Each structure stands twice: as C-alpha cells, then as structure tokens.
Amino acid sequence: MSRHTFEDKLKAIDLYLNKRNSYRETAKLMSATKSDIIKWVALYQKHGEKGLQPTYTNYSVKFKMDVLTYMEKQERLFVKHHMYSIFLLTQRWQNGKEPLKNKVRMACFLKRGVVQK
C-alpha cells in the first residue's frame, strides 16, 4: 500500500505543474522521493487522475482458495494423464509392441520431471 494518498499525489502534481516548483522541491515539501514525483507527474500527464488511482485488487479468501484448488486439480490431472500414458507405453514395451520413437518420448518425460523415477 502506498504511503501517499490520492490527494497527496494530486497536491504534489499541482505544486510541480502550477506552482513551478522543481521535482526536488516538491518531493521535499511532500515527504516523497524525487522519483515518486516524476512517476506521479508522468502518470497524470498520460492518464489523468485515473492514472493515480491504486491498481491493487483485493480478492476474497474464498476466491483465492477456489483458484488454488483449481490449480491443484489441473496439475493432478496433468500428472495423472502423463503417468497413465507412460504406464501404457511401459506395458506395450514389455510385450515388444512399442516402436523406438515412443521410448524416446518417455525418456523426455522422465528428463523434464513430469514423472519421477
């Protein structure tokens, strides 16, 4: 969270643009850094007051948990799919029915860490 409010930022921009203070003088008056003032002025000139509004979105705990659950489920499905594919390939190799190119594909899965030895 920014230590400067939206109103502080507007005041700093006004001091710089309308009162003809330098970046350094404005920063000193507003207890900010010179780079803060430069950034705020640039945002204001490009986007207006909307550019100074905070962009952080506060998601609910439930939403965050739903996202984590979804990600975990997708990862399990991905790993489960590849494990099953490798199981089938292994069964076919043991029976001598699988060509060499699939052995190379399995080696690539093992190397990438999709399946642990």
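Quick notes on the rules
- Residues numbered from 1 in each chain as written.
- Predicted model: local features only at pLDDT ≥ 70, side-chain atom pairs only at ≥ 80, totals over all residues.
- Heavy atoms only, no water.
- Helix = DSSP H or I, 4+ residues; strand = E, 2+ residues; numbered from the N terminus.
- Expected span 1.5 Å × (residues − 1).
- Buried < 20%, exposed > 50% of the residue type's maximum accessible area, 1.4 Å probe, protein only.
- Arc of directions from axis to C-beta.
- Contact = heavy atoms within 4.5 Å.
- Axes fitted to C-alpha atoms, helices over the stretch in contact; angles between N-to-C directions.
- Parallel < 35°, antiparallel > 145°, perpendicular 65-115°, else oblique.
- Nonpolar A, V, L, I, M, F, W, Y, C, P; charged D, E, K, R; others polar.

K.L.:
I keep staring at helix α3 (residues 34–47) and nothing clicks. Help me out?
P.N.:
Side chains that are three or four residues apart share a direction in an α-helix, a result of its 3.6 residues per turn. If you check α3, its first and last C-alpha atoms are 20 Å apart, about what 14 residues at 1.5 Å a residue would give, namely 20 Å. Looking at α3, one finds that the buried residues are Asp36, Ile37, Trp40 and Val41. Along the long axis of α3, the arc covered by the buried residues comes to 125°, so they all point the same way. Facing away from the buried surface of α3 by more than 90 degrees, the exposed residues are Gln45 and Lys46. In this structure, the buried side of α3 is in contact with α1 (6–17) and α2 (23–30). Positive backbone phi, approximately 75°, marks Gly48, located one or two places after α3.

K.L.:
Looking at this model, I keep getting lost on the packing of α2 against α3. Mind explaining?
P.N.:
Each pair of packed helices can be described by the angle between their axes along with the distance between the axes. Close contact between α2 and α3 brings their axes to 8 Å; oriented N to C, the two are set at 105°. The angle between α2 and α3 falls in the class roughly perpendicular. Residues Tyr23, Arg24, Thr26 and Ala27 of α2 touch α3, and the partners they reach there are Lys34, Ile37, Ile38 and Val41. When the residues that make up the contact of α2 with α3 are grouped by side-chain class, the tally is 5 nonpolar, 1 polar and 2 charged.

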